[in-house]
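Structural overview for review
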Amino acid sequence: MNVSLANTSPANGKKVIGFLASAIVLAILPFVVGNAFGNSWVRTLDFALLYVMLALGLNIVVGFAGLLDLGFIAFYAVGAYTFALLGSPHFGIHLPFYVTLPLGALVAACFGLLLGTPVLKLKGDYLAIVTLGFGEIIRIFLNNLNAPVNITNGPQGVNLIDPVSIAGFSLGKTHEFFGISFNSVYLYYYFFLALTVLVVIMAWRLQHSRIGRAWVAMREDDIAAAAMGINIRNIKLLAFALGALSGGVAGGLFASFQGFISPESFGLLESVMILAMVVLGGMGHIPGVILGAVVLTIAPEILRDVIGPLQMATFGKMIVDPENARMLLFGLALVVMMLVRPEGMWPSKRRKAEFDDAKKGH
């Protein structure tokens, strides 16, 4: 017993130290970034946390269960519009966020079941095409449900969405604590961070549960998994529902943070970006997915600020439009990444071993 404790205590101590160090860094990060680069970059951190939640939700479907979903943005949209319609002047309904946010997540989960039910027998490219169509159908519906009854306000979107408010404490206003002023982007950062931690814990618990092991078995070989007694139908539907649940939460938070949403925010490119976060970060590996979401959220913004001044300093004029050059360099970086590290930036040990074996020709 003493030998066992001696062997495990240093490892546990390192984990505790690492956890505390991470907590301190995340707590002071918005102040460091805000003082160095301005509040616009704190806002970028807020969006990075939203994308972490989205990527973790998609990772349940793609990384754990192996179901290629190109329409995940639809659940983000459903959560956002549910929150907006129940917390804005559009219908004159102003429910508190602790009602609208869970309700939006549940509605998104129902849409996940709605998508999952007819595609139970599909896999691979066929599943990708159907989910892609589902995402576009949702966007088109949102864009056209303004007649004959105005439900979504069509392409004009929903405005003046209520910010998150807890017992009269609104995150949309500036507050002062101990002589330090916190504006809305700082307050939302800490609120998003708390919910992101909950989503990470949920994903981690799912991964190491019987359900998570069933997903992995289905991903590797669904026929063998069914032969072992796993109910493929139920765990597929559960993957779609739980992934959509996380997307719905992120959508509601996005609506409250922005104060305005429209169908343009939920296009195909967003779905592709979220899938890229999962694949490039390390599909099926929670830390890798988090890294992928953060990098792919922040990197385009860095390119946006660098490309214009760099061209002026080098050539004395703008040769390529900064926005086009940003997307060109970003796309090139993704291609290079897939060629150099197809397993992702931070893959799990199992996935890395699989790719290493494939490279060796095993």
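Residues numbered from 1 in each chain as written. Predicted model: local features only at pLDDT ≥ 70, side-chain atom pairs only at ≥ 80, totals over all residues. Heavy atoms only, no water.

**Remarks on the overall build of the chain**
If you tally the helices and strands in the chain, you get 13 helices and 8 strands. Taken along its principal axes, the extent of the C-alpha atoms in the chain is 55 × 55 × 50 Å. By residue count, 43% of the 362 residues in the chain fall in the buried class. When contacts within the chain are restricted to residue pairs at least 6 apart in sequence, those whose partners lie at least 24 apart make up 72%. Looking at the chain, you have 23 positive and 19 negative side-chain charges, and the mean spots of the two groups are 9 Å apart. (Helix = DSSP H or I, 4+ residues; strand = E, 2+ residues; numbered from the N terminus. Buried < 20%, exposed > 50% of the residue type's maximum accessible area, 1.4 Å probe, protein only. Contact = heavy atoms within 4.5 Å. Lys, Arg positive; Asp, Glu negative; His and termini not counted. Charge placed at Lys NZ, Arg CZ, Asp CG, Glu CD.)

**Comments concerning the packing of aromatic side chains**
Applying the stated criterion to the full structure yields 20 aromatic pairs. Between the aromatic rings of Phe31 and Tyr186, the centroid separation amounts to 5.2 Å while the plane-to-plane angle is 40°, which identifies the pairing as tilted. Linking Phe31 in helix H1 (residues 2–37) with Tyr186 in helix H6 (residues 184–207), this pair joins segments that are 155 residues apart in sequence. Relative accessible area serves as the criterion here: at 24%, Phe31 is assigned to the partly exposed category. Residue Tyr186 is classed as buried on the basis of its relative accessible area, which comes to 6%. Centroid distance Phe177 to Phe182: 5.5 Å. Interplanar angle 70°. Geometry classified as edge-to-face. You can call Phe182 buried: its relative accessible area is 13%. Taken together, Phe47, Tyr76, Tyr81, Tyr188, Phe192, Phe254, Phe257 and Phe266 form an aromatic cluster joined through their ring pairs. (Phe/Tyr/Trp six-rings, centres within 6.5 Å; stacked < 30°, edge-to-face > 60°.)

**Considerations on helix H3 (residues 73–85)**
Helix length check: H3, at 13 residues, gives a terminal C-alpha distance of 18 Å against a target of 18 Å (1.5 Å per residue), a fit within 8%. Of all 13 residues in H3, 13 are buried; the element is thus mostly enclosed. (Expected span 1.5 Å × (residues − 1).)

**Notes on the packing of helix H2 (residues 39–64) against helix H9 (residues 232–258)**
It is at 6 Å that the axes of H2 and H9 come closest, and there the two elements cross at 165°. Comparing their axes, H9 and H2 come out roughly antiparallel. In this structure, H2 crosses over H9, and the sense of that crossing is left-handed. Residues Arg43, Asp46, Phe47, Leu50, Met53, Leu54, Gly57, Ile60 and Val61 of H2 form the contact with H9, whose own contacting residues are Ala239, Phe240, Leu242, Gly243, Ser246, Gly247, Val249, Ala250, Leu253, Phe254, Phe257 and Gln258. Taken together, the residues that form the contact of H2 with H9 break down as 14 nonpolar, 5 polar and 2 charged. (Axes fitted to C-alpha atoms, helices over the stretch in contact; angles between N-to-C directions. Parallel < 35°, antiparallel > 145°, perpendicular 65-115°, else oblique. Left-handed = near helix turned anticlockwise from the far one by under 90°. Nonpolar A, V, L, I, M, F, W, Y, C, P; charged D, E, K, R; others polar.)

**Some details on helix H11 (residues 286–315)**
Spanning 30 residues, H11 covers 43 Å between terminal C-alpha atoms, matching the ideal 44 Å at 1.5 Å per step. Helix geometry: H11 is bent most strongly at Val306, by close to 30°, with proline Pro309 lying one to four residues after it. Buried residues of H11: Ile286, Gly288, Val289, Gly292, Ala293, Leu296, Thr297, Ile298, Pro300, Ile307, Gly308 and Gln311, and no others. Tucked inside the fold, the buried residues of H11 contact H2, H6, helix H10 (268–282) and helix H12 (322–340). At the C-terminal side of H11, Gly316 shows a positive phi close to 80°. (Bend = angle between axes of the 7 residues up to and from the residue.)

**Thoughts on the packing of H2 against H10**
At a closest axis distance of 9 Å, the pairing of H2 and H10 adopts a crossing angle of 75°. One element, H2, and the other, H10, form an angle in the roughly perpendicular class. Residues Tyr51, Leu54, Ala55, Leu58, Asn59 and Val62 of H2 pack against Glu270, Ile274, Leu275, Met277 and Val278 of H10. Residues that form the contact of H2 with H10 fall into these classes: 9 nonpolar, 1 polar and 1 charged.

**A closer look at the nonpolar core**
In this structure, Trp215, Leu253 and Ile261 are the most contacted members of the largest nonpolar core, which totals 91 residues. Tallying contributions element by element places H2 first for this core, with 17 residues. When residues no more than four places from it in sequence are discounted, the contact partners of Trp215 are Ile60, Phe64, Ala65, Leu206, Ile235, Leu238, Ala239 and Leu242. (Core = buried A, V, L, I, M, F, W, Y, C linked by side-chain atoms within 4.5 Å.)

**Describing the environment of Leu68**
Locating Leu68 in the fold gives a position in the loop between H2 and H3. Discounting chain neighbours no more than four positions away, the residues touching Leu68 are Val62, Gly124, Leu127, Ala128, Thr131 and Leu275.

**Some points on the pattern of salt bridges**
Per the counting criterion, the structure on display carries 5 salt bridges. Measuring nitrogen to oxygen at the nearest pair gives 2.8 Å for the salt bridge that ties Asp222 to Lys123. Taken together, the positions of Asp222 in helix H8 (residues 222–227) and Lys123 in the loop between helix H4 (97–116) and helix H5 (124–144) put the pair 99 residues apart, joining distant regions of the chain. With a relative accessible area of 19%, Asp222 lands in the buried category. Ionic pairing is found between Glu220 and Arg219, a salt bridge with its closest N-O pair at 3.1 Å. Given the relative accessible area of 42%, Glu220 is considered partly exposed. (Salt bridge = Lys/Arg side-chain N within 4 Å of Asp/Glu carboxyl O.)

**As for a nonpolar patch on the surface**
Together, Leu329, Leu332, Val335, Val336, Leu339 and Val340 make up an exposed nonpolar region whose accessible area comes to about 580 Å². Position of Leu332 relative to the elements: it lies in helix H12. Here Leu332 falls in the exposed class, since its relative accessible area comes to 51%. (Patch = residues over 30% accessible without salt bridge, like charges linked within 9 Å, V, L, I, M, F, W, Y side chains within 5 Å. Areas by Shrake-Rupley, 256 points an atom, 1.4 Å probe, with all protein chains shown as cover.)

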